[in-house]
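Read off the chains here:
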Amino acid sequence: MASATFLSTLSLANKNYLLLTPTHAYAKGYTNNFRVSNLPSIVVRKEGSVRSQGFVAMQEKGGSTLSDDSRRKTPHVLTVAGSDSGAGAGIQADLKACAARRVYCSTVITALTAQNTVGVQGVSNVPEDFVAQQLKSVLSDMQVDVVKTGMLPSVGIVKTLCKTLREFPVHALVVDPVMVSTSGDVLAGPSILSTFLEELLPMADIITPNLKEASALLNGMQLETVDDMRSAARLLHNMGPKNVLVKGGDLPDSSDAVDILYNGHNFYELRSPRIRTRNSHGTGCSLASSIAAEVAKGYPMLSAVKVAKRFVETALDYSKEIDIGNGPQGPFDHLLRLKSHSQASHRQQPFDPSDLFLYAVTDSRMNKRWGRSIIDAVKAAIDGGATIIQEKDAETKDFMESAKACLRICHLHGVPLLINDRVDVAIACDADGVHVGQSDMPARVARTLLGPEKIIGVSCKTPEQAEQAWVDGADYIGCGGVYPTNTKENNITVGLNGLKTVCMASKLPVVAIGGIGVSNARAVMEICASNLKGVAVVSALFDRECVQTETRKLHEVLLGSNIGST
Ligand SMILES: Nc1ncnc2c1ncn2[C@@H]1O[C@H](COP(=O)(O)OP(=O)(O)OP(=O)(O)O)[C@@H](O)[C@H]1O
Ligand SMILES: Cc1ncc(CO)c(N)n1
Ligand SMILES: [Mg+2]
């Protein structure tokens, strides 16, 4: 480990990183973005985005390998909420959701509720000074990344919380402004509204009201349509939180579960099919805790909300058969059936759209032609500056072997590995995700199989396909062929215009593909769409004698352009 006052520029593959120790991160003022007090180190990318150093094994300037795996920080959420004796919502839901998302969760209990599937039979608030004592116990000792609030039943408790948070600042604050349970019982009365609005909301990184709560915060405004939800999100954003998620679980006559996320610049309409189930008690608490969990892992807010929503949807789907209690709303299952999904507490590599910068797609025929193994090809591409790798077309048996070997190399260098088409191979080797074409398994089905956090890319040629990719939960779009190519037979060329049309039509990040190389990469970038994040290449890297040299040349061209920087 580098010395405590060490600050240096590291070169990893062709990327430059700054290695900052905790001392320096504080000194540099990065603590607002990332809580680093017991992180051994953080990596700050050249472009400025900050990442926790989860899987680090990197080459230091002097040549020694830093391996911090054993000192990895556990992501930590503190929930400040009420207990639900039925254990579907409140503290109990938060603990289960965080456990399912593999994040540590500590608890400050604000109230006890006697509650079941019928409704809330009683509430007993925890005395204010004892809430303060619990907060201090946790925050003064444990390294909390994110505080998530649920039921805050009195003005005194809200004020105590705000005061304590000013004393012990954390990386992020997720506020679920719980007021009324779905059964209609009051959990926090109207008297707390003004303190919520004046003190708590302005401190929040995100607030997650349901329709009734959004209406209560907005003086009884009627909310019945998705447009109303957008207006509410904008008005709530004016009250100070950085992000607003208006949840539409209770939207009448909607076949989809629609939520609106607004960050002050963009609206994101997040849709998932409405799961027909009685077991939906606690969805709100679980969603907010899952958002907190993903933010604690280092996800940006939009990704955190998307992953959290997918998790709630999957859990609802898996809970349809549960039969607990006699009331109208049963609890859902956070853990039991979800265990089949990846057990990792850290994603090896949270998806960052800038990873699409130089996207290398391997090709077994070309490797054969040039007498190199796929492993050598991947190593050379990464050494040349490739930022993401997609492994393509091989027989299953070889594919598994080579995918595992490539994964090790990729992860050593912080480069994600995606598998082309084969969701089964991606699952079997725990790759970072898949890329599917229009005639492959639909992205929505791939998402169900892969779980909420894996990366899914979809090939799209039209705005309609791009829209479907978003609806299906894809993370990025591959658009092309931009130019004619020999790699893919009978592939329709969309040209620069087609590429631009798809970029303009979608909020998803886009990588351009098809006939791109050193000579024309610049022209591709110059279409200047802010969501065009990079180029994907096959022949220009792998149908050449020296993969590393070709990758490096392309890397230089891309660096010289303004790709992804707008
Ligand atoms: N039947 C459903 N199918 C799919 N998603 C749903 C369903 N019901 C709710 N959701 C989703 O669950 C999340 C929580 O939303 P909801 O509106 O239910 O919150 P809430 O009313 O605060 O929940 P709670 O029941 O815990 O009070 C949202 O992302 C919403 O879209
Ligand atoms: C304790 C508690 N918190 C939150 C909710 C909202 O679902 C609930 N029903 N109970
Ligand atoms: Mg609800």
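About the thresholds
- Residues numbered from 1 in each chain as written.
- Chains lettered and ligands numbered in written order.
- Predicted model: local features only at pLDDT ≥ 70, side-chain atom pairs only at ≥ 80, totals over all residues.
- Heavy atoms only, no water.
- Salt bridge = Lys/Arg side-chain N within 4 Å of Asp/Glu carboxyl O.
- Helix = DSSP H or I, 4+ residues; strand = E, 2+ residues; numbered from the N terminus.
- Buried < 20%, exposed > 50% of the residue type's maximum accessible area, 1.4 Å probe, protein only.
- Axes fitted to C-alpha atoms, helices over the stretch in contact; angles between N-to-C directions.
- Parallel < 35°, antiparallel > 145°, perpendicular 65-115°, else oblique.
- Left-handed = near helix turned anticlockwise from the far one by under 90°.
- Contact = heavy atoms within 4.5 Å.
- Nonpolar A, V, L, I, M, F, W, Y, C, P; charged D, E, K, R; others polar.
- Phe/Tyr/Trp six-rings, centres within 6.5 Å; stacked < 30°, edge-to-face > 60°.
- Near = heavy atom within 4 Å.
- Polar contact = N/O pair within 3.5 Å; in protein donor to acceptor, adjacent residues only side chain to side chain.

## Quick notes on the pattern of salt bridges
Thought 1: Summed over all chains, the structure comprises 24 salt bridges.
Thought 2: One salt bridge connects D430 with K454, and the closest N-O pair in it is separated by 2.6 Å. One end of the pair, D430, is in the loop between α13 (423-428) and β19 (433-436); the other, K454, is in the loop between α14 (443-450) and β20 (455-460), and 24 residues separate them in sequence.
Thought 3: Residue class for D430 comes out partly exposed when judged on its relative accessible area of 30%.
Thought 4: Shared partners join several salt bridges into a network, and the residues in it are R101, E294, K297 and E453.

## Some details on the packing of helix α2 (residues 90-100) against helix α8 (residues 283-297)
Thought 1: Running from N to C, α2 and α8 point in directions that differ by 45°, and their axes come no closer than 8 Å. The orientation of α2 with respect to α8, classified from their angle, is oblique. Both α2 and α8 take part in a crossing whose hand is right-handed. Residue-level inspection shows G90, A93, D94, A97 and C98 of α2 in contact with α8, the latter providing C285, S286, S289 and S290.
Thought 2: A class-by-class count of the residues in the contact of α2 with α8 yields 4 nonpolar, 4 polar and 1 charged.

## So, the packing of aromatic side chains
Thought 1: Applying the stated criterion across every chain yields a total of 4 aromatic pairs.
Thought 2: Ring geometry for Y262 and F267: centres 4.1 Å apart, planes at 20°, overall stacked. Per residue, the accessibility class of Y262 equals that of F267, and both read buried.
Thought 3: Joined through ring pairs, the aromatic side chains of F351, Y359 and Y476 make up one cluster.

## Comments concerning the site of ligand 2
Thought 1: Ligand 2 sits among G82, S83, A89, G90, Q115, M151, V178, S181, L187, H281 and C285.
Thought 2: Q115 is positioned with one of its side-chain polar atoms (N or O) 2.8 Å from a nitrogen atom of ligand 2.
Thought 3: Residues belonging to the shell around ligand 2 are distributed by class as follows: 5 nonpolar, 6 polar and no charged.

## Description of the packing of α8 against helix α9 (residues 301-318)
In helix packing, the relevant descriptors are the interaxial angle and the interaxial distance, both defined with respect to the helix axes.
Thought 1: Two numbers describe how α8 lies on α9: the axes approach to 8 Å, and their chain directions differ by 140°. In terms of orientation, α8 and α9 fall into the oblique class. Handedness of the crossing formed by α8 with α9: right-handed. Residues T283, S286, L287, S290, I291, E294 and V295 of α8 form the contact with α9, whose participating residues are M301, A304, V305, V307, A308, K309, F311, V312 and L316.
Thought 2: Here the contact of α8 with α9 is composed, by residue class, of 11 nonpolar, 3 polar and 2 charged.

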